[in-house]
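Reading the structure
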Amino acid sequence: SYTDVHDFTGDVKYHLGASTIFTQKDGGEMRLCLLPNPSHLETVNAVVMGSVKASQDAMSDVCNTKVLPVIIHGDAAVAGQGINYEIQQLEKVRNFEVNGAVHIVFNNQIGFTTDSRYGRSGFYCTNIAQMNKNLVIHVNADEPELCDYAMELAVDFRTRFHRDVYVDIVGYRKLGHNEQDMPRFTQPKMYEIIDKQKPMYLQYKEKLIAEGVITEEEFNKKLDECNKKLEHHHKIAKSGDFTVTDMDNVSFNKLVSENDNTTFIDEKALKEIGAKIFTLEPDFNAHKVVKKLYEERLKSVEDGANIDWGTAELLAYGSLLADGYNVRITGEDVMRGTFSHRHATLIDQKSGKEYTPLKQILSDDKKHLCTIANSILSEYGVLGFEYGYSLASPQGLTIWEAQFGDFANGAQITIDQYITSGEKKWGKFSGLTMLLPHGYDGQGPEHSNARLERFLMNMSDDYFYLAKDKSARKGI
């Protein structure tokens, strides 16, 4: 039927996210979340970091230690995908740092069919870690106890030094890509050796039996229990009855229906907000142009006339902050605004100290609800970061602003794989807002178009289908 065809969507099972509560031996509980990710390798790394940052902010975790980001890579992808360099650059950037991530590289010494000599320039796939002088631990995948120790060391290192750490687990791929390919087409000598290699679990079994740690019977019993558990979860995965994260249960309609949809604000309240955010502190040494701008903004609010874009924008953010919502705006040069229209964060002309007037609305313990932050010169990584932030902060306003609207080109993978399709594929709702300034003002064809047709094409649901009254579909 029309509906069946129209509703057809989804994703391969190993792209789906999951969430569970893990009970430790001492009775403590730890929540473990796996974010969904597409086939575009490594793109989810930025999303993970943003989601972790939002969770830390929600906990008022000043030290950023209560949530641990763990990112899993392949050897070819960690070396080849540019998103890793962008995320690495964010490690110690203000308003983006999460105080370190643990990176696990499953190194099978081959990409899909490409040897390392074609996949990277350096000897190690983890050479990217040299960029920030991060710790790298190389370990043999055939040594499970050493792998366990390497992971403990990595977590301890991150906890103590608040830095990224990489664990390079060097092993091999027993079968081809997706366990279905024919690797001998391209790596005949490697697979001649692999065919003779005894599987790790059998090597470990022989070691434990020789040391008297376990008997053959005990091993076989454990192996049987493990196989049954794997079969059980494989059936669940095939049925589609997977464990979802909390955010999977949030939809736009639910947020709209459960909240007060009143969007207007009382004129008196708006003027009070304007008085707070456009009155500069007496001891702040503002640039004379900015000082005059703020005086004009204050007057326009008091008079209710000549309110320009920048004034209206800051009033809108102020009204959200006054109602207890968090506001986060990042991108290239958003503090001042690419076109010098915003001036949300000001710089003291004598001391160089930063000052964000919007925060005057908030009490000292709520200042973290407002973030106006310049980002690194990146679109791809930063937009992914903010998408992840929006997932873990659904009630707040999260904004990424492009310097020019066409700069969204550099983040197109994030737009296609997450923003326009994440809710349909994975049930992941995001309220992320993208500001794409553009206009026909003589700055070349590329700066005059944010390619809005791409967004319209991605929003390809039939308007009859979206209508609440399904009777509107009759006659199709």
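Note that the coordinates shown come from a computational prediction; the quantities given were computed from them, not determined experimentally. (Residues numbered from 1 in each chain as written. Predicted model: local features only at pLDDT ≥ 70, side-chain atom pairs only at ≥ 80, totals over all residues. Heavy atoms only, no water.)

**Let's talk about the pairing of strand E11 (residues 397-401)**
Counting buried positions over the five residues of E11 gives five, a clear majority of the element. Examined bridge by bridge, strand E7 (residues 327-331) and E11 share five bridges and lie parallel to one another. Counted as the bridge partner of Arg328 is Thr398 from E11. Here E11 pairs with strand E12 (residues 433-435) via three bridges, running parallel. Across the sheet, Trp400 pairs through a bridge with Met434, a residue of E12. (Buried < 20%, exposed > 50% of the residue type's maximum accessible area, 1.4 Å probe, protein only. Helix = DSSP H or I, 4+ residues; strand = E, 2+ residues; numbered from the N terminus. Pairing = 2+ DSSP bridges.)

**Concerning helix H15 (residues 412-419)**
If you check which residues of H15 are buried, you get Gln412, Thr414, Ile415, Gln417 and Tyr418. Residues of H15 that are buried make contact with helix H2 (44-58), helix H14 (380-392), helix H16 (422-426), E12 and helix H17 (452-458). (Contact = heavy atoms within 4.5 Å.)

**So, helix H12 (residues 288-303)**
Here H12 spans 22 Å end to end across 16 residues, near enough to the 22 Å set by a 1.5 Å rise per residue. Inspection of H12 places Val290, Leu293, Tyr294, Arg297, Leu298, Ser300 and Val301 among the buried residues, and these make up the whole buried set. Buried residues of H12, viewed axially, fall in a sector of 160 degrees; they line one side. Among the exposed residues of H12, those oriented more than 90 degrees off its buried face are Lys288 and Lys299. (Expected span 1.5 Å × (residues − 1). Arc of directions from axis to C-beta.)

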